[in-house]
Amino acid sequence: MKKRFLPFALIACLAATALPLTACTDTQEENVLRIASWDEYIDEGGADSYVEGSRALYEEFEDWYFEQTGKRITVDYVPLQDNETMYNKIKMGDRYDLLCPSEYMIMKLAAEDMIQKLPSSFFDPSLDNNYYVRNVSDYIQKEVFERTEMTDGSKLSEYTAGYMWGSTGFVYNPEKISADEVKRWSVLTNEAYVRKITAKDNVRDSYFAGLGMYYEAELLALKTRLNDGAITLESYKKQLSEKMNDSSVGTMSEVQKLLEKMRGNLYGLETDEGKLDIVTGRFDVSYQWSGDAVYTLDMGEDDEITDEPLALEYCIPEAASNLWFDGWVLMKDANVDAATAFINFLSIPENVVRNMYYIGYTSCIAGDEVFSYVEETYGADETEEAPVSYDLSYFFGDGHQLLTSEDQTRRQLFAQYPTRDTIDRLVVMKPFDRETNERANRMWNTIK
Amino acid sequence: MTKTKPKLHFSRKLLAIPYALFLAVFVVVPLLIVVYYAFTSDDGKFTFEYVRVFFDKNGNGLKGFLTSYNFKTIMRSLFISFMSTIVCLLIAYPVAYIIANCKLKNKSTLLLLFIVPMWVNFVLRINALKELFVWLGTYNKSDAWNIVNTIIGMVYDFLPFMILPIYTTIIKIDKSYLEAAKDLGATPAKAFVKVTLPLSKAGIVSGISMVFLPSMTNYVVSNYLSFRNVKIIGKLIDDYFTGDLWHDGSFISLILLLFMFLVTWLTGGFDEDEQTNTRGASLW
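Note that this is a predicted model, so its numbers are computed, not measured. (Residues numbered from 1 in each chain as written. Chains lettered and ligands numbered in written order. Predicted model: local features only at pLDDT ≥ 70, side-chain atom pairs only at ≥ 80, totals over all residues.)

This part covers the domain arrangement of chain A. Residues and elements named next belong to chain A. If you check the domain split of chain A, you get domain 1 (26–159 + 325–365), domain 2 (166–290 + 316–320 + 426–445) and domain 3 (380–424). Listed by partner, the interface residues are 8 residues for domain 1 and 6 residues for domain 2. The element best represented in the side of domain 1 that touches domain 2 is helix 4 (residues 103–111), accounting for 4 residues. Residue classes in the side of domain 1 that touches domain 2 are distributed as 4 nonpolar, 2 polar and 2 charged. (Domains from an automatic or database assignment. Contact = placed C-beta atoms within 7 Å. Helix = DSSP H or I, 4+ residues; strand = E, 2+ residues; numbered from the N terminus. Nonpolar A, V, L, I, M, F, W, Y, C, P; charged D, E, K, R; others polar.)

Laid out in structure tokens, this is it:
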């Protein structure tokens, strides 16, 4: 019987190893474009779409690509849970052409040589289909991407094309807490608001908040010096970035104490639950990404969720806050032509508007069509008694002012497009290296 | 083995091959990988570093560990598991006993009432329970309430796993034993203690391991019902893996495994005699 068992086992083992192999060769074929991104992070068509009843954008791309190049392509759009899942999947050998990781993961992937630079033809504005380079906001491309250095000394802009961007800050109920108090990171440890605030259940956002508390006084003093003209904006931004990326052993142990204090003061940590629960009034302040903040603020006005509309507001801490973005990057051995075509397809203004409407986040793409959409969404209507002018020229180019209602300067419009002076205090958070990541996670895992 | 047909060597043992394969691929191999990660560093060298970090991160010896976060998390997990198991047992035994001994023709219909909730998606049920706690005003009210709510959630989730094995053993008890006890002058209470209870021990043991072990790791329940304020060992492992600290996570998984062995050993799961007596019951 033992002799019979062996061939059976061998065949089974062979079959088991052969299966994934055949699956792999399938996806390597040139006519499939494999994209890894997030759930609900692209217009998926249907009833919720800006163009009601349309197809998902990645499906429409297949036709567009055929029209442009005469080549057939099938898009395999894979929504993943978070950056860490994406990283682990790639590490375990999953192949994609195009990824949409967040800024720190882009830097990490580049440092580990897992992604490739965008081709120079992608940045040629004279080519008909290069919608990205023609439409991307100067602010994003020139002030953020071209000024963010990777570990190998190259610029972030060489690797990535921006998709969505935003800040982090506090969504708060102005009836329960004043704007002056949520402007301070220290609100997180304020005992007057015990069990009234939530923070994020992940190490990076929490450590950042901890740094904000630790360096708050120093950074506010720095800001005063900037306002007095004692230091240049350039040097202000540089110092800000250094402080908010400080992960030295000494600083981390100080931050740990603040985070321990914060943890005891919070209602709790969350990743998703905070959005609905602040609307139902379980707590009054919630640390959120701007895109989720817009969604939360929208929910507060939704009469299907609340009996009485709740006018929540969004605030970015005065000392410093986080500038995040998700960008498209090409993996090694990617189908470069189709992948860059996909980025450009998503950068066509009408598609940008569709995505912004569907996802609720802010696109890195500017242009008049997008501005019109913002105006249509947040612009003051004729009945508005005292409309205020909101300056968006830093993002859309000179002369782009928006007339809007006064409260929008603290609400969705502000969350989607913060003001120029707010933008200056946003910091891109760099990835932790291996040793720091270990130290930070062990620290954070023994607090939460 | 069928000796009349010697050409066909098909025995019942062959049927175990698919399961043996499954066991090898999905249990033994992953386990070896976990052990490998727990005791090697990034460059693949053997190390006790993760053992040290887990027990003695700050170098304060045993005293340090006994006041450490990891120790508290383990104790909290054990407490929640222990309480959930006790409450499950207290509820499940009478229920199983009543169903097994009732005069109804269709006992399985009655049993079904307790299993039907399992057909509803479990996250959905836990979310509904959360809303109930919100309505009662006990949701995330204090640390103590969070623990209580978590235990209620675990009991709600795992109760059927306690009822079923106990029911199966009770229903199998030969009624003539009870009649004999009665004839020899035992009161119904005494007959229960001397006959029914010992004979249903296998079901109880099976139920305990079905409830105790999962409630140490089912952090979906604790996350949802305490706004992530109650952390159990399962969540601790998850945190290390999401933080890309596979070595730390693997070592904690081994600690958990140790508890599983301990529970199985204490409840007599390795006992050969017990196994043969309760073939049907240990299925559950």
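Before going further, it helps to spend a moment on the packing of helix 2 (residues 57–69) of chain A against helix 13 (residues 336–346) of chain A. Residues and elements named next belong to chain A. Their axes nearest at 10 Å, the elements helix 2 and helix 13 cross at an angle of 115°. By the criterion of interaxial angle, the relationship of helix 2 to helix 13 is roughly perpendicular. For the pair helix 2 and helix 13, the crossing hand works out as right-handed. Across the interface between the two elements, Leu 57, Phe 61, Trp 64, Tyr 65 and Gln 68 of helix 2 pack against Ala 338, Ala 341, Phe 342, Phe 345 and Leu 346 of helix 13. For the contact of helix 2 with helix 13, the per-class residue count stands at 9 nonpolar, 1 polar and no charged. (Axes fitted to C-alpha atoms, helices over the stretch in contact; angles between N-to-C directions. Parallel < 35°, antiparallel > 145°, perpendicular 65-115°, else oblique. Left-handed = near helix turned anticlockwise from the far one by under 90°.)

Residue and element names in this part refer to chain B. Direction vectors running N to C along helix 7 (residues 143–172) and helix 10 (residues 201–212) enclose 165°, while the axes themselves pass 8 Å from each other. When the axis of helix 7 is compared with that of helix 10, the two are roughly antiparallel. With respect to the hand of their crossing, helix 7 and helix 10 are arranged in right-handed fashion. Counted together, Phe 158, Phe 161, Met 162, Pro 165, Ile 166, Thr 168, Thr 169 and Ile 170 of helix 7 and Ala 202, Gly 203, Ile 204, Ser 206, Gly 207, Met 210 and Val 211 of helix 10 form the full contact between these two elements. Across the contact of helix 7 with helix 10, the residue classes tally to 10 nonpolar, 5 polar and no charged.

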